[in-house]
Amino acid sequence: MDCTNIIGEKIKALRSNQEISIQELAERAGLTVEQVSRIEENIDIPSLAPLIKIARVLGVRLGTFLDDQPNETGPVVCRKGEADDTIGFSNNATHSRQHMHYHSLARSKADRHMDPFIIDIEADSEKDFFLSGHEGEEFIMVLKGELEISYGKSTYRLKEGDTIYYDSIVPHHVHAAEGQAAQILAVVYTPA
């Protein structure tokens, strides 16, 4: 089941419930009104950076947009095959192509501060991307293929089994190396 289309609806509903105008949300999130509007209408599929900024303004955790499961206060076990629901993202909020598919590993865990995902990155020869940052930290482990991470002015190349942990406030971009497909385990931490 592709959950991408519910993201915009959730953002719009939360914004309306809090009586925040689209202009105010855009300004407070550091986005344009057009970006927020296109996200709310499910025209553009944003990367995590704008979603994290919107979540901060709305006072919700990132997972609020990515899942819709009952709250669980104890441990959450995700068995093999249970993370098959996907959420597709593009690499920025102005292009609508989807090249990353997120499989949530903790969608029913209430009040979490970390969001763990298995992410399938499609083969893509597109080299047109921009770096973006957001509050928090990220941990990535390459499960299949090779990964390239542009981080500030540096570029890191990771192979299967390699890991990287970084402050995500520094502008960055994650993509498969040389346009090949890859799969990663990513844990995104966003402060409350």
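You'll find the structure just up there.
Here the structure is a predicted model, which is why all the values come from computation and not from measurement.

(A) Up close: the sheet that holds strand 6 (residues 154-158). If you walk across this open sheet you meet the three strands as 6-5-8, and the pairing is antiparallel. Every interior strand has two partners, whereas the edge strands, strand 6 and strand 8 (172-176), have only one. Each adjacent strand pair in this sheet contributes to an overall mean axis angle of 15 degrees, direction not counted. For strand 5 (residues 147-151) and strand 6, the ladder comprises five bridges, and the chain directions are antiparallel. Considered in strand 6, the bridge of Glu-148 is made with Arg-157.

(B) Inspection of the environment of Asn-17 at higher detail. Secondary-structure assignment places Asn-17 in helix 1 (residues 5-17). Taking the C-alpha atoms as reference, Asn-17 lies 10.0 Å from Leu-58; in sequence the two are 41 residues apart.

(C) Structural view of the environment of Ile-11. Note that Ile-11 resides in helix 1. On the basis of relative accessibility, which here comes to 0%, the residue Ile-11 falls in the buried class. In the structure, Ile-11 is positioned 47 residues away from Leu-58 in sequence and 8.4 Å away in space, judged by C-alpha atoms. Excluding its chain neighbours within four sequence positions, the residues that come into contact with Ile-11 are Leu-25, Ile-39, Glu-40, Leu-51, Ile-54, Leu-58 and Phe-65.

(D) Summary view of helix 3 (residues 33-40). Along helix 3, the residues that are buried comprise Gln-35, Val-36, Ile-39 and Glu-40. One side of helix 3 carries all its buried residues, which in axial view fall inside an arc of 130 degrees. Immediately beyond the C-terminal end of helix 3, within one or two residues, lies Asn-42, with a positive phi of roughly 60 degrees.

(E) A look at unusual backbone geometry. Positioned with a positive phi, Glu-19 is a non-glycine residue whose angle comes to about 55 degrees. You can see Glu-19 is positioned in the loop between helix 1 and helix 2 (22-29). Glu-19 sits in the exposed class, given a relative accessible area of 73%. The phi dihedral of Asn-42 falls on the positive side, at around 60 degrees, and the residue is not glycine. Among the secondary structure elements, Asn-42 is positioned in the loop between helix 3 and helix 4 (48-58).

Calculation criteria
- Residues numbered from 1 in each chain as written.
- Predicted model: local features only at pLDDT ≥ 70, side-chain atom pairs only at ≥ 80, totals over all residues.
- Heavy atoms only, no water.
- Pairing = 2+ DSSP bridges.
- Helix = DSSP H or I, 4+ residues; strand = E, 2+ residues; numbered from the N terminus.
- Axes fitted to C-alpha atoms, helices over the stretch in contact; angles between N-to-C directions.
- Buried < 20%, exposed > 50% of the residue type's maximum accessible area, 1.4 Å probe, protein only.
- Contact = heavy atoms within 4.5 Å.
- Arc of directions from axis to C-beta.

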